[in-house]
Amino acid sequence: MTKALMWFRYDLRLHDNLALLAASDFDEVIPVFIYEKTNSATTASDWWLHYSLEALAESIKSRGGSLIIRQGNPQLIIEELMNTFQIDALFFNRSLLSKDVLLEQELVEKYSTKTTYVKCFDDRLLFYHHKIVTKNQTPYKVFSSYWKIAKLQYITFPQNKNSSFSKDTFDSLALDDLKLIDNHHWMKKFGAYWTPGEQQAIQKFEDFIEQDLASYNKLRDFPGKQGTSDMSPYLAWGNISIRSMWYRVKRFIDEQPEHADAADSYLRQLAWRDFAYEQLAQFPDLDRVPVRKAFQHYPWAFDEDLFTAWKTGQTGYPLVDAGMRELWETGIIHNRVRMVVASFLVKHLRIPWQYGYDWFKETLVDFDTANNAMGWQWVTGSGIDAAPYFRVFNPTGQAQKFDSGALYIKRWIPELKDVPPDVIHSPQKYVAAHQISYPQPIVDHATARKLALEGFEHIKKH
DNA sequence: GAGACCTTTTT
DNA sequence: AAAAGGTCT
């Protein structure tokens, strides 16, 4: 009787999971999840984790096993489990977070013995990045060049195999012991918008393919329309396999070649996630330190009240406020609006991007270190292949362009529900004219833009 | 080393 | 039409 320990991490699913696939060659699979965080503040991402674990535990149970849930230092817990049960092999997928690199290496080195096999898999991304390099063998710094090469790579075909989960009972915490959800908190609303878990992920993606993929490139930039797939939180916790998404889209292209352009633009978006992890690997502190060092000298002007206005959707710029309220209500922000609110924080308010990163970390159900770190640095202009620093999004211009009928704005700002779109798009006028309880713009666009650009002039010397 | 190119723009 | 600098071939 051989036993494999399967350590679940950011791969909370049974289908097309490389580590689990390897474990399934053993007579018995013992599945464990280890929650590492020890502080008590719970985040939107924890909310997603809770229900993902619930779904995973249920799937494992229906196959006769039981998911072991633990909290603490993974190395100690794995050591304990391996010593307690006669484990023949340990399998897990790489997390790709900088903090885990050493741990993963150590586990493979320390626990591999003549009788125990330990292996760590690359399961989270589409591409093997050591293969995607420039002619000088260096990692790409420009996405378009990266994508040109990446799209030609072979991607491992999805594979599934039924695992025999161990029927023994193990010492485990109850899911509720992790205290991942707080139903008195803002997150109690999320259930109205989301159902985490593997089955939901697969079904939701199938619905997107059938209903929305063909018009993806036309609609994805319009937050008032149903154009995006909203798969990001499922990907963040690995409720779905990225490879299965890739091949599902490829199948769609085969079946409906007339929609190949739309489908390609979706695949390109998936590749951005890979590119973000590539950057995190190159710059382990991508989430805190600007890649372009000159940005350490930017004359930031942190103001607590302005920051609070941004967080609570009270800036007086309707598209910014709609985005921040959508975030608070649902745990997600439409991609187009995400860029606008981020640009507003960094350039109009001149608040360091790390504050925005931290707020997103707390409130996004799709929080992902690499995507967010890259995104904030892109908006700031401090990143690799970033938006030029002089590009300051005009929040009302963006609203006119991408939410001309103000459908999205009205969805999230009830105060404006009876205001005509053209009035919404001229923020200086409508409050006085319509006697609405909605704030005046907290900063003047032209002035803020000028100050932001002056700030960038200042760091050029460095 | 020249030239093409650059996710998401602005006034 | 201009802002403007780096990356890649």
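Preceding block: the structure.
The structure reproduced in this document is the subject of the present report.

What counts and how
Residues numbered from 1 in each chain as written. Chains lettered and ligands numbered in written order. Predicted model: local features only at pLDDT ≥ 70, side-chain atom pairs only at ≥ 80, totals over all residues. Heavy atoms only, no water. Helix = DSSP H or I, 4+ residues; strand = E, 2+ residues; numbered from the N terminus. Rg over C-alpha atoms; globule rule 2.2 N^0.38 Å. Buried < 20%, exposed > 50% of the residue type's maximum accessible area, 1.4 Å probe, protein only. Near = heavy atom within 4 Å. Polar contact = N/O pair within 3.5 Å; in protein donor to acceptor, adjacent residues only side chain to side chain. Patch = residues over 30% accessible without salt bridge, like charges linked within 9 Å, V, L, I, M, F, W, Y side chains within 5 Å. Areas by Shrake-Rupley, 256 points an atom, 1.4 Å probe, with all protein chains shown as cover. Salt bridge = Lys/Arg side-chain N within 4 Å of Asp/Glu carboxyl O. Lys, Arg positive; Asp, Glu negative; His and termini not counted. Charge placed at Lys NZ, Arg CZ, Asp CG, Glu CD. Expected span 1.5 Å × (residues − 1). Contact = heavy atoms within 4.5 Å. Core = buried A, V, L, I, M, F, W, Y, C linked by side-chain atoms within 4.5 Å. Pairing = 2+ DSSP bridges. Axes fitted to C-alpha atoms, helices over the stretch in contact; angles between N-to-C directions.

### With respect to the overall build of chain A
- Scanning chain A for helices and strands turns up 20 helices and five strands.
- Taken against the 2.2 N^0.38 rule, which gives 23 Å for 462 residues, the C-alpha radius of gyration of chain A at 23 Å falls within 12% of a compact globule.
- Overall, the C-alpha framework of chain A stretches about 75 × 50 × 50 Å when taken along its three principal axes.
- Expressed as a percentage of the 462 residues in chain A, the buried residues total 55%.

### Re the protein's contact with DNA strand C
- Neighbouring DNA strand C are the residues Thr134, Lys135, Tyr140, Lys141, Val142, Ser145, Arg292, Tyr389, Phe390 and Lys460.
- If you look at DNA strand C and keep only atoms within 4 Å of the protein, 79% of those are sugar or phosphate atoms.
- Tyr140 is positioned with one of its side-chain polar atoms (N or O) 2.8 Å from a phosphate oxygen of DNA strand C.

### Description of a negative patch on the surface
- There is a patch of like negative charges on the surface, built from Glu54, Glu58, Asp176 and Asp177.
- Along the chain, Asp176 falls in the loop between α5 (143-150) and α6 (198-211).
- Asp176 gets classed as exposed once you look at its relative accessible area, which sits at 56%.

### Describing helix α9 (residues 242-255)
- If you check α9, its first and last C-alpha atoms are 20 Å apart, about what 14 residues at 1.5 Å a residue would give, namely 20 Å.
- Within the sequence span of α9, burial applies to Ile242, Arg243, Ser244, Met245, Trp246, Arg248, Val249, Phe252 and Ile253.
- Those residues of α9 that are buried lie in contact with α1 (18-23), α5, α6, α8 (232-236) and α10 (260-282).
- Its side-chain oxygen placed 3.2 Å from the backbone nitrogen of Arg243, Ser241 serves as the N-cap of α9.

### As for the nonpolar core
- Membership of the largest hydrophobic core comes to 122 residues, with the highest contact counts inside it found for Phe8, Phe127, Tyr266 and Trp310.
- Per-element tally for this core: the top contributor is α10, with ten residues.
- Contact partners of Trp310, with chain neighbours within four places excluded, come to Thr315, Val320, Met324, Val341, Phe344, Leu345, Leu349, Gly356, Trp359, Phe360 and Trp376.
- Counting residues in hydrophobic clusters, the runner-up holds 19 residues, among them Ile68, Leu90, Val118 and Phe170.

### Remarks on the sheet that holds strand β5 (residues 117-121)
- With parallel pairing, the five strands of this open sheet are ordered in space as β3-β2-β1-β4-β5. Strand pairing shows two members of the sheet lacking a second neighbour, β3 (68-71) and β5, which therefore form its edges. Neighbour to neighbour, the strand axes of the sheet diverge by 20° on average, direction disregarded.
- As paired strands, strand β1 (residues 3-8) and strand β4 (residues 89-93) are joined by four bridges and run parallel to one another. Looking at the pairing, Trp7 lines up with Phe92 of β4.
- Strands in contact with helix α2 (residues 44-62) are β1 and β2 (28-35); relative to β2, the strand with the most contacts, it is inclined by about 165°.

### Some points on the side chain of His129
- Considering the arrangement of structural elements, one finds His129 in the loop between β5 and α5.
- The buried category is assigned to His129, whose relative accessible area is 16%.
- Polar side-chain contacts of His129 include one of 3.4 Å to the side chain of Tyr146.
- Reaching out from His129, the side chain makes a polar contact with the side chain of Glu278 at a distance of 2.6 Å.
- Excluding residues within four positions of it along the chain, His129 makes contact with Tyr146, Asp274 and Glu278.

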